[in-house]
Amino acid sequence: MTLPLKNFTQFENVGHSLRAPSYRFRPTGIDEIRDVFCLAKQHELTVTARGAGKSYNDAALNGGGMMLDLSAMNQILEWDKVIGLVRCEPGVTIEKLWQRVEPDGWWPPVVSGTMFTTLGGCLATNIHGKNNFKMGPIGEHVVEFTALLPTGEEITCTPRDNPDLFYGMISGLGMLGVFTSITMQMKRIESGLLEVHAWPVHDLNEHLSSLLDHSPHYDYIVGWMDTMNGGKSLGRGQIHAANYLHGKEDPTPQLTMQLSSQILPPRLFGVFPKSILYLFMRPFANNIGWWGVSTAKYVASLRRHTFRQAHAAFHFLLDYVPNWDLSYGRGGFIQYQSFLPKETAEEAWREMLTISLKRGLPSYLGVTKRHRPDKFLLTHAVDGFSFAMDFKVTDAKRAALSKMLQDFDRIVLNAGGRFYFAKNSETSAEAARAFLGEETIRKFKELKKRCDPNNLLESDLFRRVFG
Ligand SMILES: Cc1cc2nc3c(=O)[nH]c(=O)nc-3n(C[C@H](O)[C@H](O)[C@H](O)COP(=O)(O)OP(=O)(O)OC[C@H]3O[C@@H](n4cnc5c(N)ncnc54)[C@H](O)[C@@H]3O)c2cc1C
């Protein structure tokens, strides 16, 4: 069989800062995935699975190879609304999942900050939500999955059957096999609303103490950090913490759990089409403009308040602004997310924030979360916090940014931190070895040899970090 040239397509990361062309295939079932594996072997090409392509880095890029686009395998195969168990194809998005289960009184136990990710992609990176400190990563709610290995073997894994593959493939970046079905336990909810408490924090110490001290009392907690202001204000921001509603706290749960109460409106204030909002954000995507936006946001957040918010609105804030990823302009952006133990986080992030401001390369976004460790092989979690920063990429600043992120890596590693393979695009093989440890890398390579002896599954990220 020849490779159809019309399939040769340019793929990008979500931040539009990385590009790689690949032959795209869009299977509708396992047999077609098998055909792609055969074709790849015949042409000595590598294959990368891709869900929705929402990773910030090169996890779903494969320059010159083949791209297995799983978005057409998007059926919810079984849904038991009595016990909350769902079995899905890997291309089912978080959006499709919550819209199916919520009207029956259930919610996915772990979701990403966008609903457009697929379950296959979410398992491969083992996503965390704003409840990581309480519910762990998504993998902890997977009851069973099936996968096709490059050897042609079809496997079924649960925490008890094939546990090494269960804990290795979830977090394994699609490098051991391709998920073909996923069975997950949903979380019971008694209302379509959350009760959200919002309060300001005035510096980094108060910011992290708030996450630490308040997390035991909430179902979700997340911080926004003003990354544009330093000095005594460094690390200031706002905390949002939310709880599920129980019993009669919501007088009309049947109504609030309807999709019509959850779906994000297409217009801002009922008038302004959100699809063009990103164009109005562009003029602010520079250091002065963003300083103004951050300062105004902080001032607005000084009021302590409590409100009720639909689950979808609380979780998927960025989905409110379609094409927000284009607001950074031509060079796009990258995200740098570090995970640090609670004992060392403050000092390390103080240093990183100070460096970014001093070098004129500030982050335009700062999001903090509270985490706990988990037992998946390539885990990014710690007993501490994460801090996500977004950096605009321009031709003029690309080299300086890259150098700064390498400096950040050293600070994070010295502080006993970890990185997340769905986010950072700069993590080197040395950095990965330092935080994962030789033993973990050895186990991962052993699994790779067993599942994929000819290295059929490779991505740009795999070559960067494990190649
Ligand atoms: C706005 C935004 C907010 C986000 N918020 C969060 C967050 O709160 N928490 C968090 O943890 N992450 C978050 N992310 C990151 C995102 O959840 C992960 O990158 C996720 O993996 C993306 O899913 P995807 O379907 O787009 O996968 P892709 O980006 O397409 O692929 C990701 C990885 O999964 C592999 N893969 C895809 N499908 C399969 C399959 N069927 N079998 C095997 N491997 C497969 C790919 O090879 C790749 O390695 C966010 C991303 C965005 C853009």
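The present account deals with the structure reproduced in this document. For clarity, every value in this text was computed on a predicted model and none was experimentally measured.

## Remarks on a nonpolar patch on the surface
Logical step 1: Side chains of Ile276, Leu279 and Phe280 sit close together on the surface and give an oily, nonpolar patch of about 260 Å² of accessible area.
Logical step 2: Tracing the sequence through the fold places Ile276 in the loop between β16 (272-273) and α9 (277-281).
Logical step 3: Under the relative-accessibility criterion, Ile276 is labelled partly exposed at 35%.

## Here we look at the sheet that holds strand β1 (residues 8-12)
Logical step 1: Reading across the sheet, the four strands line up as β1-β2-β4-β3 and stay open at both edges, with mixed pairing between neighbours. The strands lining the two open edges of the sheet, one partner per strand, are β1 and β3 (47-50). Direction aside, the axes of adjacent strands within the sheet are offset by 45 degrees on average.
Logical step 2: Pairing of strand β2 (residues 19-25) with strand β4 (residues 66-69) involves three bridges; the strand directions are parallel. Bridge pairing in β4 places Phe25 opposite Leu68.
Logical step 3: Seen against the sheet, helix α1 (residues 30-42) touches β2, β3 and β4 and runs at an angle of roughly 175 degrees to β4.

## Points about the side chain of Lys448
Logical step 1: Position of Lys448 among the secondary structure elements: in helix α15 (residues 438-451).
Logical step 2: Separated by 2.7 Å, the side chains of Lys448 and Asp452 make a polar contact.
Logical step 3: Leave out the neighbours within four places in its chain, and Lys448 touches Met175, Leu176, Pro453, Asn455, Leu457 and Phe462.

## Some words on the pattern of salt bridges
Logical step 1: Across all of its chains, the model carries 25 salt bridges by this definition.
Logical step 2: Its salt-bridge partner being Arg24, residue Asp69 comes within 2.6 Å of it at the nearest N-O pair. Taken together, the residues Asp69 in strand β4 and Arg24 in strand β2 connect sequence positions 45 residues apart.
Logical step 3: Its relative accessible area of 7% is what places Asp69 among the buried residues.
Logical step 4: On the basis of relative accessibility, which here comes to 34%, the residue Arg24 falls in the partly exposed class.
Logical step 5: A salt bridge links Lys134 to Asp219, with the shortest nitrogen-to-oxygen separation between them at 2.8 Å. Placement of the pair is Lys134 in helix α4 (residues 132-135) and Asp219 in the loop between α6 (204-214) and β13 (220-225), with a sequence separation of 85 residues.
Logical step 6: For Lys134, a relative accessible area of 41% gives the class partly exposed.
Logical step 7: By relative accessible area, which is 12% here, Asp219 ends up buried.

## Examining the site of the ligand
Logical step 1: The environment of the ligand is made up of 36 residues, and the closest members are Ala49, Lys54, Ser55, Thr118 and Tyr420.
Logical step 2: At 3.1 Å, a backbone N or O of Ala59 approaches an oxygen atom of the ligand.
Logical step 3: Between a nitrogen atom of the ligand and a main-chain N or O atom of Gly113, the distance comes to 2.9 Å.
Logical step 4: Taken by itself the ligand offers 960 Å² of open surface, and the protein chains cover 98% of this.
Logical step 5: For the shell around the ligand, the secondary-structure elements that each account for two or more residues are β3, α3 (119-125) and β10 (178-185).
Logical step 6: Looking at which element gives the most residues to the shell around the ligand, the answer is α3, with four residues.
Logical step 7: Partitioned by chemical class, the residues of the shell around the ligand number 17 nonpolar, 15 polar and four charged.

## Structural notes on empty space enclosed by the protein
Logical step 1: This model, assessed by the stated rule, comprises one cavity of 30 Å³ or more.
Logical step 2: One number sums up the size of the largest cavity: a volume of about 40 Å³.
Logical step 3: Lining the largest cavity, in full, are Thr125, Ser171, Leu173, Leu378, His380, Tyr420, Phe421 and Ala422.
Logical step 4: Taken together, the residues of the lining of the largest cavity sort by class into five nonpolar, three polar and no charged.

Reading the values: the criteria
Residues numbered from 1 in each chain as written. Predicted model: local features only at pLDDT ≥ 70, side-chain atom pairs only at ≥ 80, totals over all residues. Heavy atoms only, no water. Patch = residues over 30% accessible without salt bridge, like charges linked within 9 Å, V, L, I, M, F, W, Y side chains within 5 Å. Areas by Shrake-Rupley, 256 points an atom, 1.4 Å probe, with all protein chains shown as cover. Salt bridge = Lys/Arg side-chain N within 4 Å of Asp/Glu carboxyl O. Helix = DSSP H or I, 4+ residues; strand = E, 2+ residues; numbered from the N terminus. Buried < 20%, exposed > 50% of the residue type's maximum accessible area, 1.4 Å probe, protein only. Pairing = 2+ DSSP bridges. Axes fitted to C-alpha atoms, helices over the stretch in contact; angles between N-to-C directions. Contact = heavy atoms within 4.5 Å. Polar contact = N/O pair within 3.5 Å; in protein donor to acceptor, adjacent residues only side chain to side chain. Near = heavy atom within 4 Å. Nonpolar A, V, L, I, M, F, W, Y, C, P; charged D, E, K, R; others polar. 1 Å grid on protein atoms, 1.4 Å probe; cavity = no way out; pocket = protein on both sides within 12 Å on 5 of 7 lines; lining within 4 Å. Points joined across faces, edges and corners; volume = space filled by probe spheres on them.

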